[in-house]
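Spelled out from the first residue to the last, the chains are:
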Amino acid sequence: MTTVPYRFYLPEDKIPKQWYNLRADMKELPDPMLNPGTMQPVTEEELAHIFCAELAKQELDNTTRYVDIPEGILEMYKIFRPSPLIRAYNLEKVLGTPAKSYYKFEGNNTSGSHKLNSAIAQAYYAKQQGITSLTTETGAGQWGTALSEACAYYGIDLSVFMVKTSYNQKPHRKTVMETFGSKVIASPSNTTEAGRKILAEDPDNGGSLGCAISEAVEVAVSTPNCRYVLGSVLNQVLLHQSVIGLEAKTAMEMLGEYPDLVIGCAGGGSNLGGLIAPFMQDKLLGKKDTKFIAVEPASCPSLTRGKYAYDFCDTGKITPLAKMYTLGSGFKPSANHAGGLRYHGMSPVLSKLYHDGYMDAVAVEQTKVFEAATLFAKHETILPAPESSHAIRVAIDEALKCKETGEAKTILFGLTGTGYFDMTAYDSFNNGKMNDYIPTDEDLERALANLPKIG
Ligand SMILES: *Cc1c(COP(=O)(O)O)cnc(C)c1O
């Protein structure tokens, strides 16, 4: 008899009504975002030219511990939340590990990922402010899809700058976004100054998140009643994603569990920041000594091989400067299949926690990731997104370590999404065509040499 069910959903009365702001409990805060013009910390007023007012406020709010989730957002969350906490019994069995593995599955919505948690919040605040159009970037397409859904619901026009390599590789993503009424533009494009500049230097440029951000911000600041929204990296996005961790923590408490180890994939850091938030709070307050592991692709290793420095959030160098682990805003990751993990930087909050020793990071190669994805799919019946599979890889490795040591650790990992738009990746893995390009030290030095010189 098993006491813990395979799938556990929080009952209605336990669903979080507030987000948790991890910054309020950090011993030391991340360094402030700087205005590149003045080199002074950005003000709420300056940010409000780019972001919606409420989001600009959330971005700079380091003190409010719990933020009420507006009723309108709670209503929308009800459509796809709570997400299930799943005990990976089948995976445990096939691995023969004494470890208990749990995953929080965020792929049960049309966008197929956790990104909808923040998309709904950002579109809601835009609507409240009377904003009529939004711009954004998307890499693999999950963020663009999630935001398209949210904007369709709230009746806001959306332009999505989609990284050109993804645009060509995943045409169906574009179709989904267009179905929800969004305009999708391959980036770099000739519709913006930033795009035209990049194309003039390199007509075959396949784009990057950094480049798409430049284009989206440029359109937002030059269009009346338009704002820019971003699906990761920012403090506000981590705040919204804390719903993942809050649900997971309450669910585990109800099951009489607490994780020894929390593992998540890290692109810009939003799902990981959200998943770990309430557990990290316990660690910061000295209540628990949980271990946290950020997993990144070996092809885009910002935490494990990047520099902790001020850098631009975009390639066109028009955004504020953030202190973070970065590979340099001009870094072009090789074509790997985890499109959502190809950003040059990392959330300033997670960067700071990692820098101060509260979190570990590992980089994994993509064939190893797909081996884990395939094993997981066969036993857990969910086809995981390549991004999420980075977390699966390390969760499996940790469970196997427990097999050797005989420790029955409790592992929690984030399963951020499904891989149904990643058939090219699975196909290339299945046919033995996948490679593991890892940037050389020289590749990294070249991009890091162009970091902005600060103080
Ligand atoms: C975007 C995405 C990620 C990575 O983004 P984070 O901000 O680091 O969470 C991970 N998994 C999926 C499925 C995604 O869509």
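Just above sits the structure.
In this text the structure is predicted, and so the values were computed from the model without any measurement. (Residues numbered from 1 in each chain as written. Predicted model: local features only at pLDDT ≥ 70, side-chain atom pairs only at ≥ 80, totals over all residues. Heavy atoms only, no water.)

### A short note on the nonpolar core
Here is step 1: Among the nonpolar cores identified, the biggest contains 98 residues, and Trp19, Ile73, Ile120, Tyr228 and Leu412 are the most heavily contacted of them.
Here is step 2: Setting aside residues up to four positions removed in sequence, Ile73 forms contacts with Trp19, Ile120, Ala121, Tyr124 and Tyr125.
Here is step 3: Ile293, Phe376, Leu383 and Ile411 belong to the second largest nonpolar core, which has 34 residues in total. (Core = buried A, V, L, I, M, F, W, Y, C linked by side-chain atoms within 4.5 Å. Buried < 20%, exposed > 50% of the residue type's maximum accessible area, 1.4 Å probe, protein only. Contact = heavy atoms within 4.5 Å.)

### Here we look at the sheet that holds strand 11 (residues 291-297)
Here is step 1: One open sheet accounts for 7 strands, arranged 1-4-5-15-10-11-14; its pairing is mixed. Every interior strand has two partners, whereas the edge strands, strand 1 (7-8) and strand 14 (360-364), have only one. (Pairing = 2+ DSSP bridges. Helix = DSSP H or I, 4+ residues; strand = E, 2+ residues; numbered from the N terminus.)

### Thoughts on the pairing of strand 11
Here is step 1: Within strand 11, 6 of the 7 residues are buried, leaving the element largely enclosed by the surrounding structure.
Here is step 2: Regarding topology, helix 12 (residues 270-284) serves as the crossover connection from strand 10 (residues 261-265) to the parallel strand 11, and that connection is right-handed.
Here is step 3: As judged from the 5 bridges shared by strand 11 and strand 14, these two strands associate in the parallel manner. When the bridges of strand 14 are listed, Glu296 appears paired with Ala363. (Right-handed = clockwise from strand over helix to strand, strands pointing away.)

### What to know about the packing of aromatic side chains
Here is step 1: Evaluation of the coordinates by the stated rule reveals 15 aromatic pairs.
Here is step 2: Between Tyr20 and Tyr66, the aromatic rings sit 5.4 Å apart at their centres with planes inclined by 40°, giving tilted as the arrangement. Of the two residues, Tyr20 is situated in strand 2 (residues 18-20) and Tyr66 in strand 3 (residues 66-68); the sequence distance between them amounts to 46 residues.
Here is step 3: The class for Tyr20 is buried, based on a relative accessible area of 1%.
Here is step 4: According to the relative accessible area criterion, Tyr66 is partly exposed, its value standing at 36%.
Here is step 5: Consider the rings of Tyr325 and Tyr354, whose centres lie 5.1 Å apart with planes at 70°: the pair is edge-to-face. (Phe/Tyr/Trp six-rings, centres within 6.5 Å; stacked < 30°, edge-to-face > 60°.)

### Quick look at the site of the ligand
Here is step 1: The environment of the ligand is made up of 18 residues, and the closest members are Lys115, Ser232, Gly267, Ser270 and Thr416.
Here is step 2: In this structure, an oxygen atom belonging to the ligand sits 3.1 Å away from a side-chain N or O atom of His114.
Here is step 3: In the model, a nitrogen atom of the ligand is placed 2.7 Å from a nitrogen or oxygen of the Thr416 side chain.
Here is step 4: Summarising the interface, the protein chains cover 98% of the accessible area of the ligand, which totals 390 Å² for the free molecule. (Near = heavy atom within 4 Å. Polar contact = N/O pair within 3.5 Å; in protein donor to acceptor, adjacent residues only side chain to side chain. Areas by Shrake-Rupley, 256 points an atom, 1.4 Å probe, with all protein chains shown as cover.)

### Points about the pairing of strand 6 (residues 133-138)
Here is step 1: Judged by how many residues are buried, strand 6 sits mostly within the fold: 6 of 6 residues are covered.
Here is step 2: Where strand 6 meets strand 7 (residues 157-163), 6 bridges bridge the pair, whose relative direction is parallel. In the strand pairing of strand 7, Thr136 is matched with Val160.
Here is step 3: Handedness of the strand 6-helix 6 (residues 142-154)-strand 7 crossover: right-handed.
Here is step 4: Pairing of strand 6 with strand 9 (residues 226-228), which is carried by 3 bridges, proceeds in the parallel orientation. Paired with Leu134 across the strands is Arg227, a residue of strand 9.

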